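Structural overview for review
Each chain, letter by letter, is given below.
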Amino acid sequence: MNVQTSVSLKNHTTFGIEVTAPRFIQIDSVEDYQDYIEVHPDEASKAMILGGGSNVLFADEPNFDVLNISITGIATEDQGNDIVLIRAGAGVVWHDLVMYSLDAGLGGIENLSLIPGCCGAAPMQNIGAYGAELKDVFHSLEAINRKSGELHTFTGDDCRFGYRTSAFKEELKGEYIISAITLRLSKNAQINTSYGAVSQTLEEMGVTNPGPREVSDAIIRIRQSKLPDWKKYGNAGSFFKNPVIPNAQFDKLKAERPDVPSYPAGEGFTKVPAGWLIQHAGWKGKRQGDAGTWPHQALVLVNYGNAKGHEILSLARSIRDDVEHKFGIRLDPEVNIIGLKGEDF
Ligand code: EPU
């Protein structure tokens, strides 16, 4: 357990917002966390868990311990009949796990290439992209009870995965720290090129018989062309979730705006891309000081330099209110906003 005081979090989150953690504690093992709660029982309940920092926005200065989960290690276990279980510590960089699996000849997570963040955060919000979600290959995870320090195993059913959500964001919120994840990969994986842009990009690349590696290459190409590199332009990916609305409401919108894209979202509901709503409310590429939306994907809010958390938040609120005013649809943030002090986002 490494403890430091007054640590800048600018390089610990992909939004690159300058805030200072009064105490920054590196947790390298389950035992490290157990030691921490024994020594600091009062601070432990208020501490914030930080992984790769790819889905957080600090709206204010933290006045609590920040625990950086840095549990590493990747191991595989051949189950026979094509299936290989791959286990990764929560602190393993997600994209490194994707590359490791491809190098080992395993398919199943190639569509999730280049998603920023660490493995521990992947199940929290059931990461997804280009027609695939973590839950499709999920086997189990290990998580530490924050109060007792005990280690528990959760199956996919226990995690109650949904669109960008899981039990760890809902009924179990704040109760566990994910320490390791195990995925079920395959030596002969069926590739998934159902998402239009993927098959189109493979064609542009001249690939006729794609395997997981080629799909990963195509996804990397798409992401690099559409999404800002957080190392150059701080951001946390999609700022909002894509809203799911009742079909009757969607039919009204479609009558007014026949160009609106949509996806089925279970019986009676339709998912509408928030990026489209934001663009058509006039916010694509707009900036307020150093806070702005990305010119190639309006759903991504960007720190163009030295934006403060409250400036990003203020832009996000203006967008949310304007979209609601123009389309009657309220956007919910996908990013975890820290320091709201009980206010609604
Ligand atoms: N669109 C616009 N204007 C924009 C952005 C998008 O009109 O500025 C339209 C596009 O033309 C398209 C539709 O909206 O018809 C969907 O856009 P896109 O394919 O870029 O995907 P998305 O729904 O905006 C979701 C995920 C992304 C993921 C992509 C690809 C959410 C909240 N976001 O975005 O995930 O990479 O699909 O699968 O579900 C993330 O979670 O951080 C993230 C980047």
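Please read these numbers as outputs of a predicted model, since none were measured by experiment.

1. Brief notes about the sheet that holds strand S14 (residues 244-246)
Judged by pairing direction, the sheet is antiparallel, and its three strands sit side by side in the order S14-S16-S15 without closing on themselves. Two strands in the sheet have a free side with no partner beyond their single neighbour: S14 and strand S15 (263-264). Bridge analysis of S14 against strand S16 (residues 269-271) gives three bridges, and the strand direction is antiparallel. The residue of S16 that forms the bridge with Val-244 is Lys-271. With respect to the sheet, helix H7 (residues 247-256) is in contact with S14 and S16, its orientation differing from that of S14 by roughly 95°.

2. Digging into the domain arrangement of the chain
Each assigned domain of the chain is listed here: domain 1 (2-69), domain 2 (74-223) and domain 3 (229-338). Counting residues at the interface gives five residues for domain 2, matched by six residues for domain 3. Summed over both partners, the interface of domain 2 with domain 3 buries about 550 Å², with 43% contributed by carbon and sulfur atoms. Three residues, Tyr-163, Arg-164 and Lys-169, lead the burial of domain 2 against domain 3; their summed loss comes to 70% of the area buried on that side. Counting across the domain 2 and domain 3 interface gives one salt bridge. A salt bridge links Glu-334 to Arg-164; its shortest N-O distance comes to 3.8 Å. At the junction of domain 2 with domain 3, the criterion picks out one residue pair in polar contact (both at pLDDT 80 or more). By residue class, the composition of the side of domain 2 that touches domain 3 is two nonpolar, one polar and two charged.

3. Focus on the nonpolar core
In this structure, Phe-239, Phe-240, Ile-278, Ile-312 and Ile-319 are the most contacted members of the largest nonpolar core, which totals 48 residues. Residue assignment for this core shows that the elements contributing at least two residues are strand S2 (20-27), strand S3 (48-50), strand S4 (56-58), H7, helix H8 (274-280), strand S19 (297-303), helix H9 (309-327) and strand S20 (336-338). Among the elements that line this core, the one with the most residues is H9, at seven residues. Among the domains, domain 1 (2-69) and domain 3 (229-338) are the pair contributing at least three residues each to this core. Contacts of Ile-278, omitting those with residues within four sequence positions, involve Phe-240, Trp-283, Lys-284, Ala-298, Leu-299, Ile-319, Val-323 and Leu-331.

Conventions adopted
Residues numbered from 1 in each chain as written. Predicted model: local features only at pLDDT ≥ 70, side-chain atom pairs only at ≥ 80, totals over all residues. Heavy atoms only, no water. Pairing = 2+ DSSP bridges. Helix = DSSP H or I, 4+ residues; strand = E, 2+ residues; numbered from the N terminus. Contact = heavy atoms within 4.5 Å. Axes fitted to C-alpha atoms, helices over the stretch in contact; angles between N-to-C directions. Domains from an automatic or database assignment. Buried area = accessible area lost by both parts, 1.4 Å probe. Salt bridge = Lys/Arg side-chain N within 4 Å of Asp/Glu carboxyl O. Polar contact = N/O pair within 3.5 Å; in protein donor to acceptor, adjacent residues only side chain to side chain. Nonpolar A, V, L, I, M, F, W, Y, C, P; charged D, E, K, R; others polar. Core = buried A, V, L, I, M, F, W, Y, C linked by side-chain atoms within 4.5 Å. Buried < 20%, exposed > 50% of the residue type's maximum accessible area, 1.4 Å probe, protein only.

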